[in-house]
Amino acid sequence: MSAVQTPPLLELEGVSKGFPGVLALDDVRLDLRHGEVLALVGENGAGKSTLMKLLAGIYTPDAGVFRMNGQELVIDGPRHAQEQGISIIHQEFNLMPDLTVAQNIFIGREKRSAGLFLDDRALNARAQELFDRLGLALDPDEPVERLTVARQQMVEIAKALSFDAKVLIMDEPTAALNDAEVDVLFDLIRRFRSPDTGVIYISHRMEELARISDRISVLRDGRYIDTLETASADQKQVISLMVGRELRSEQRPGPVAASDAPVLSVQGLSTKRLLRDVSFEVHAGEILGFAGLMGAGRTEVARAIVGADRRDGGVITMRGTPVDIQNPADAARLGIGYLSEDRKQLGVLLERSVRENIVLASLRDYVSGLGFVNNRRIEATGKEYVSKLRIKTPSTAQLVRNLSGGNQQKVVIAKWLAKDCDVLIFDEPTRGIDVGAKEEIYALLRQLADQGKAIIMISSELPEVLRLSNRIAIMAEGRLTAVLDNADASPEAVMDYATRFSAEGTIA
Amino acid sequence: MSPTTTPTVDPQTPSTSAYAAIDAGKPRFAWVRGSLQQVLAAASLIVIVIFFSVASTHFFTANNLISILTAATVTGILALGTTFVIITGGIDLSIGTVMVLCGVMAGVFLTYWGWPLWAGVLATIVFGGIIGLINGVNVSILGIPPFIATLGMMLIAAGLSLVISGTKPIYFNDTPAFQQIMNLSIIPGVRFPLGVAIFIVMIIVAAILLSRTIIGRYTFSIGSNEAATALSGVNVRRWKIIIYTLAGLFVGLAGVLSASRLSSAQPTGGMGLELEAIAAVVIGGTSLQGGKGSIIGTVIGALIMAVLTNGLRIISVPQEWQSVAVGIVILVAVYLDMLRRRRD
Amino acid sequence: MSPTTTPTVDPQTPSTSAYAAIDAGKPRFAWVRGSLQQVLAAASLIVIVIFFSVASTHFFTANNLISILTAATVTGILALGTTFVIITGGIDLSIGTVMVLCGVMAGVFLTYWGWPLWAGVLATIVFGGIIGLINGVNVSILGIPPFIATLGMMLIAAGLSLVISGTKPIYFNDTPAFQQIMNLSIIPGVRFPLGVAIFIVMIIVAAILLSRTIIGRYTFSIGSNEAATALSGVNVRRWKIIIYTLAGLFVGLAGVLSASRLSSAQPTGGMGLELEAIAAVVIGGTSLQGGKGSIIGTVIGALIMAVLTNGLRIISVPQEWQSVAVGIVILVAVYLDMLRRRRD
Amino acid sequence: ASDGGGDSSGGGGGDGDKPYVALISKGFQHQFWQAVKSGAEQAADEFGVELTFEGPDTEADVDQQIQMLQTALDKSPAAIGFAALDSQAAGPLLQQAKDSNIPVIAFDSGVDSDIPLTTAATDNTAAAAEAAKHMADAIGHEGKVALVVHDQTSVTGQERRDGFVDYMEKNEPNIEIVDIQYGGGDQAKSADLAKAIIAANPDLKGIYGSNEGSAIGVVQAVKELGIDPTKLVVVGFDSGKAQMDAIRDGQMLGAITQNPVGIGYETVKAAVEAIDGKDLPKTIDTGYYWYDKDNIDDEKIAAVLYE
Ligand SMILES: Nc1ncnc2c1ncn2[C@@H]1O[C@H](COP(=O)(O)OP(=O)(O)OP(=O)(O)O)[C@@H](O)[C@H]1O
Ligand SMILES: Nc1ncnc2c1ncn2[C@@H]1O[C@H](COP(=O)(O)OP(=O)(O)OP(=O)(O)O)[C@@H](O)[C@H]1O
Ligand SMILES: [Mg+2]
Ligand SMILES: [Mg+2]
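Residues numbered from 1 in each chain as written. Chains lettered and ligands numbered in written order. Predicted model: local features only at pLDDT ≥ 70, side-chain atom pairs only at ≥ 80, totals over all residues. Heavy atoms only, no water.

As annotated in an unreviewed UniProt entry, chain B is ABC transporter permease from Orlajensenia leifsoniae. In its Subcellular location (unreviewed entry) section, the UniProt record describing chain B reads: "Cell membrane". (UniProt positions renumbered as here; feature names shortened; annotations may be inferred.)

Quick look at the structure:
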């Protein structure tokens, strides 16, 4: 160690933060050096987001010291954090859906004339400049509520980068992004990095760490565990530091016995907006993976099947009988469940308890003839899934709002596991879930399939699709371009089918 | 409802500065605090009662307390039903005039058509349910915002009451027993009216419905996140219709009781009653954003309003000052409630 | 729309191709649709106007149209201010009685205290702003839910009007020019009153404030996501106070105009006006959930209400049927509006 | 007389020593009721009683009035003065008053019950007919007239409407009543609806406003439309400064005034007599007067007008 060492860009020491019933952070330390990307990893609920929210001035710490370039720093609110050069991309979106992209990005920083008047044209131009610089194809004038989750994430990223930030914090920025978009993001991060800036990067995607980070800090149960140089660390080691045990991954599955009659069959599914003649079937005991680029229409297929969106054509058949599904309630009655990709808007009841969320889809099973609910059995089911999925919560009565992002996702998964469906459609089920828990969820899905359920799994993480699916359906621009057996599917093959745009001619 | 009646910061009032709100109290022993909260919410009520008891010897008498309960009965029953609607995130502005219309219909059934008492009463309650059902369909199937759907119904009902009654009160001369529904003394010696007993029963019914049945569960779920509830396979449209219908049944009952109390169906009035009922609900801690609320809160809210009105009259506050006093007390009571919750 | 409409692509960035796909299905020309929608929202109004014009030759006359505008002026101005509050996700129930109180204060300033006209009028408007400020503080600093905060103010103002005026109207004997504010004919030959012109100017002012200024931007932002707005470093508390104050200024102006119209400050009434104003706002497409709304919509909503009331009287619909008709028309108009939006 | 019952304070339940009289009126905010109140207060001073005066917000609030009556009874007053919005609706409470030996005096309009000892009121039907008569004279006994009435369902509203309409139908074959609208006594609303009536009937000869707010509203409409007051005759009801001004400067032909101060005074006086166990006449007619430009300053008239 050399004697003359410049102090790190950012240094945290002895940081603790408790919530009622939870000690989220316990004497944590962390240092971010100039010009580096520091990855922060840990299981769901380890305290990563809480730590970052302390830095962003959203929470105040119970104890601990922050130093920036050696100077002690007391952060007084989000505004102050921004002024100190700390910029954050939140795990959960913080956008104003009714405002446009440009208005969102510059909210609170509008240029006004006469103290009052705004010039949206100038604002749009400024945003366009920013997008050009960052290489993002966003329309400044579009209302944010019309954007998909992925593009909303892009807005968040653009907003964070629009500040003159020294420290950029990214809390699972890639959870909603696909590979191509991750490339853009990494490109941005590399361009942002300079000798007087630094990035704290939180992710559950282990393979990203090697690509982008310089060092990796690990949190477990609110405590600081260790920091590794990325170059010398291997993934297994990081994971075992995170979860405190070894994980083993299973092999890729093969096709199920072809003799099985399909449980769900979709013929010629079309929607006005996007889908064109999508046809496929799923068998009992099978996991059918859906791959494709963002906006390829996978979510729309799922929503159209369960009646959440209007179908403009197509026949859905369950076990050989055509069925008429008008809304998700019809679908649920027929035994089709849909786990949405948008957790906050379409997944959880934030202000209700964990157990209420878990039994929401299956509530009728807990109701006597007179309509009375059996709270004891609900509690039992809640407990069962909390332990089965290792949901980190002080009790099943905890409000879902107070869980970490990954644990909220587990609650949504539990909701569908608790309901006895014949067909389960999981849209990005492992979004925000830590590596250890992912394995457990994979195992659960496999187990469900083995019990004879038909599972459709939409995922933007190709490795996950390849890992889990018996067959893989690939979509591009609202059409199904291929359905491959797992054995025939390589990442290259999938990408090939996923980029067969209609402009190039008819689909294979 | 689970005992977790959320002491978290009300999203309606994120004004502790929104981010502080994010940091604000998360429940440790949520259920203990939940019930504590309800006890404490009663604190304002108790303070007000003590104040008036000290201020006038006429206040804390059996007779006057019964008068207060009697005065609270009709608004209270309206508020009970409307609590469900408000927890779904909706609103029902029509309850006042629909109640009046239900009274008129009771007059039609009993006096014009000469139906037997039980049939007329039942039909009136069902009529209220049907209006609720129409509100539900307008909101849930046609997609009209609840404010507008029920504002339209408010106006329609106000007009229909006049049309149907010929703008004259209808008297229940042929069914003198009708007025006993509200007024019958059920405890010998004390003037404890049957209507108040019905109110108490309805409180219990509503509390059980909200906290122990599937209707209550879905009421909270829909108010908490309607889209997520629908995607969980709950037929949200149907349940919303059911909830508005339920509220309508309460309105029908309130119509019976108020007509019974006045021994006549008055075809006018009712406007403004909806604000009173909604105020009772909101003072009781139910959020107009939906997803949060309780029956006990609504009852306390209704009692606060009734006690205030009565007490100010008892201590002979000049009438022009009465509404000033009510306004200030409501503000202070709710503010203290906020403070307490924030401290949690 | 073609699913591959792609925005301008920066050729330097390699990854744009990935985004091309995301862009599929994004509505371009959002603003065209936006204004189209507002034009269409006027459709109901136009249909109603045509209906009455055909039904009675007395409807579509200059005089009667001016009467309609005159009738719409006071409620319309209240609705303009309250549009801001509603877009933030709040509500203001106090506007009706505070307007009455402002009229009384105009009487106090001009008649009791003998201030010159301009000073009295200005002071009245400022007084409205101060009440709005108090509402804003109650909502934003004390954290009282808007419904309760403004309900309390509604009651307080109703009482204070009576107290201050001694329950008597105050006349503007010493300032005869006061009544010209509303009534002065500004176009020779036609009886086009100054009050209507003021209404039109206020529409323009409100529209500019909402769409082109920082106040409007934060109004939408707070209503859209209050917590996120606060996290972006906007002083949400302060802006909410400003917005309620702004609404109060509109209320003060409405108070001046309504007192001017009657050449007297009537200390009673005002209750119910808030529902009328809020109805105009909501019929105009502003959402009570906050985040969405427009001034032009509010104006159309106010005109729909005024035209309906006037037209039904002109064609001599019996009064008891009038409110039924208004209720049904509101339901149908909003339903059709919904249908159209859903089709989009 | 009140024998005090089980109540310790002898002369009724007021918190003072004086006998306590509670007046429950039909309204409170309007000038008319304020004048009734002032007459009642005058009598209360004179006879040494403690007085409260309350009334519901609008004449549609039957239920609110019943609650006020109930509260008043719970204070065990020495006597009650009551202006019923609906006599039958108040039946059980009136019975309760009778059972507790609390004398009841009706005022303003009759209470349809034998419990009140007397009634101090105006004959509204006859008063409205008087207004009709003056209207007919003024328009030359022919042409179209319209009514702006303050309330459709209250007894006074109906009596003032029917008194006017019946007179015209019986005595004036050439006068046509073209429209009757209800403005709730609200001036601005009454003005707007009067304008609509005038727009729909350009040849209208006269409008009758059935109470203060309605009448001033009509005058306002005529003013806003710039109509020559000699072409459109306005007659009103009640007084108040605006109405008196309108009569003085010719905007309004004239109006009927009741004697609200007298009503209040007579009610309290009767209550005191009832407490003292005196016999009372079945009715106390408090009278009404037609007033116009010519007699508005007569002593007799000026005494019953209020600003
Ligand atoms: N507002 C809160 N109230 C109560 N508990 C909270 C609150 N916020 C976080 N927690 C708890 O603190 C712990 C740490 O949460 P945090 O969100 O920091 O986890 P995380 O590491 O970001 O997890 P994930 O990977 O799932 O996002 C969790 O147990 C969580 O339940
Ligand atoms: N509510 C909406 N309004 C407008 N366009 C939408 C909406 N929802 C989806 N889209 C568009 O429809 C297309 C299909 O999106 P969909 O979500 O089905 O794709 P996906 O393959 O599931 O991708 P993702 O991974 O983003 O979910 C996208 O281009 C998207 O922009
Ligand atoms: Mg997190
Ligand atoms: Mg998707």
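> An account of the relation of the copies chain B and chain C is requested, with residue identities and associated values reported.
One copy of the chain maps onto the other through a rotation about an axis plus a displacement along that axis. For the pair chain B and chain C, the best superposition has an RMSD of 0.2 Å and corresponds to a rotation of 180 degrees with a translation of 0.1 Å parallel to the axis. Considering both components of the superposition, the chain copies are consistent with a two-fold axis. A high fraction, 82%, of the interface residues of chain B reappear at the interface in chain C, so the copies pair face to face through one surface. (Least-squares fit on C-alpha atoms with pLDDT ≥ 70 in both. Contact = heavy atoms within 4.5 Å.)

> So what's going on with the coordination of the magnesium ion (ligand 4)? Which residues, and what values?
Taken together, the protein donors to the magnesium ion (ligand 4) comprise Thr299(A) (OG1) and Glu341(A) (OE), at separations of 1.8 to 2.6 Å. Here Thr299(A), found in helix α9 (residues 298-305), pairs with Glu341(A), found in the loop between β18 (336-339) and α11 (343-347); they are 42 residues apart in sequence, far enough to count as distant. (Donors = N, O, S within 2.8 Å, 3.2 Å for Na, K, Ca; no water. Helix = DSSP H or I, 4+ residues; strand = E, 2+ residues; numbered from the N terminus.)

> Break down the coordination of the magnesium ion (ligand 3) for me, with residues and values.
Residue and element names in this part refer to chain A. Taken together, the protein ligands of the magnesium ion (ligand 3) are Ser49 (OG) and Gln91 (OE1), with distances of 1.9 to 2.1 Å. Note that Ser49 is positioned in helix α1 (residues 48-55) and Gln91 in the loop between β6 (86-89) and α3 (101-105), a separation of 42 residues in sequence. A relative accessible area of 16% means that Ser49 is categorised as buried. (Buried < 20%, exposed > 50% of the residue type's maximum accessible area, 1.4 Å probe, protein only.)

> Account for the domain arrangement of chain A, naming residues and giving values.
Residue and element names in this part refer to chain A. According to the domain assignment, chain A contains domain 1 (10-243) and domain 2 (264-498). Each of domain 1 and domain 2 has a C-alpha centre, and these two points are 29 Å apart. Across the boundary between the two partners, domain 1 contributes 26 residues, which contact 24 residues of domain 2. Of the roughly 1900 Å² buried between domain 1 and domain 2 on both sides combined, carbon and sulfur atoms contribute 50%. When residues of domain 1 are sorted by the area they lose upon contact with domain 2, Asn44, Glu92 and Asn178 head the list and together hold 29% of the total. (Domains from an automatic or database assignment. Buried area = accessible area lost by both parts, 1.4 Å probe.)

> Describe the sheet that holds strand β16 (residues 313-318) of chain A, and please don't skip the residues or the numbers.
All names here are of chain A. The strand order across the open sheet built from four strands is β14-β13-β16-β17, with neighbouring strands paired in antiparallel fashion. Two strands in the sheet have a free side with no partner beyond their single neighbour: β14 (278-283) and β17 (321-323). Averaged over all neighbouring strand pairs, the angle between strand axes comes to 20 degrees, with direction disregarded. In this sheet, β14 lies alongside strand β13 (residues 262-270) in antiparallel orientation, the contact comprising five bridges. Within β14, the position partnered with Leu264 by the bridge is Val282. Along the sheet, α9 makes contact with β13, β14 and β16, crossing β13 at roughly 110 degrees. (Pairing = 2+ DSSP bridges. Axes fitted to C-alpha atoms, helices over the stretch in contact; angles between N-to-C directions.)

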